[in-house]
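Now for the letters of each chain:
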Amino acid sequence: MRGTNGRTLYRIPQSGKIAGVCAGIADYFAIETWLVRVLAVSIFLLGGSGVVFIIYVALWVILDIKPQKHYDRDDIELKKKPWQSGEPAKQALSDVSRQFRSLEIRLQNLERHVTSDNFDLKRQINSL
C-alpha cells in the first residue's frame, strides 16, 4: 500500500511478534512499535476484538514483506534516538539545558515587550 507521503506500508516479520503487521505500521508512521502493539491489544481487549482480529489477519494476508534492500545502513542511522547518538550524557544534558535557557530568555524578552507601555501605545495607534 503506497501512502501519500511516498512510502509503502509493509509488514516486517523480523521485527514482529506474530506476523510483523504492527512493526510495519509503526515503521510507516515512524512511531515506536510497542505503542502500536499496546494500542492494538487495548482495542482488542476493550471490545473491538472481532474488528482488530479481522483487520490484523487481512493486513497479514494483503501486505508484502519489507524487502531487505530497505534495511540499509542509512535507515538504521535515521531511526536512532537522540540519546543513542553517542554523545556523552553530561554533554547532551548541557546542550539541552543551554537550549532551554535560550528559549527562556527569548520568552522573557517577549513577555517584557508585550507587557510594556510602548506595546499598548503602538497597538492603540495601529487601531486608529
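Keep in mind that what you see is a predicted model, and the values were worked out from it rather than measured.

Let us look at unusual backbone geometry. For Ala 30, which is not glycine, the phi torsion reads 55 degrees and is therefore positive. Secondary-structure assignment places Ala 30 in the loop between α1 (21-29) and α2 (33-45). Residue classification places Ala 30 among the exposed positions, given a relative accessible area of 63%.

So, on to the packing of aromatic side chains. Taken as a whole and judged by the stated rule, the model has two aromatic pairs. When the centroid spacing of 4.9 Å and the interplanar angle of 90 degrees are considered together, the rings of Tyr 28 and Phe 29 count as edge-to-face. Judged by relative accessible area, which is 53%, Phe 29 ranks as exposed. Between Tyr 56 and Trp 60 the ring centres are 6.3 Å apart and the planes differ by 75 degrees, which places this aromatic pair in the edge-to-face class. With Tyr 56 and Trp 60 both in helix α3 (residues 49-62), this residue pair falls four residues apart, about one helical turn. Look at Tyr 56 and you get buried, because its relative accessible area is 17%. Its relative accessible area of 36% is what places Trp 60 among the partly exposed residues.

Applying the stated criterion across every chain, the model contains three salt bridges. Across the pair Lys 66 and Asp 27 runs a salt bridge, and its minimum N-O distance is 2.8 Å. Placement of the pair is Lys 66 in the loop between α3 and α4 (73-78) and Asp 27 in helix α1, with a sequence separation of 39 residues. Residue classification places Lys 66 among the buried residues on the basis of a relative accessible area of 10%. Asp 27 sits in the partly exposed class, given a relative accessible area of 21%.

Here the focus is the side chain of Arg 11. You can see Arg 11 is positioned in the segment before α1. One buried charged side chain, Arg 11, makes no salt bridge at all; its nearest oppositely charged neighbour is Asp 64, positioned 7.3 Å away. For Arg 11, the side chain forms a polar contact with the main-chain oxygen of Leu 63, separated by 3.4 Å.

What counts and what doesn't
Residues numbered from 1 in each chain as written. Predicted model: local features only at pLDDT ≥ 70, side-chain atom pairs only at ≥ 80, totals over all residues. Heavy atoms only, no water. Helix = DSSP H or I, 4+ residues; strand = E, 2+ residues; numbered from the N terminus. Buried < 20%, exposed > 50% of the residue type's maximum accessible area, 1.4 Å probe, protein only. Phe/Tyr/Trp six-rings, centres within 6.5 Å; stacked < 30°, edge-to-face > 60°. Salt bridge = Lys/Arg side-chain N within 4 Å of Asp/Glu carboxyl O. Lys, Arg positive; Asp, Glu negative; His and termini not counted. Polar contact = N/O pair within 3.5 Å; in protein donor to acceptor, adjacent residues only side chain to side chain.

In short, the description is geometric, and any link to function would need to be established separately.
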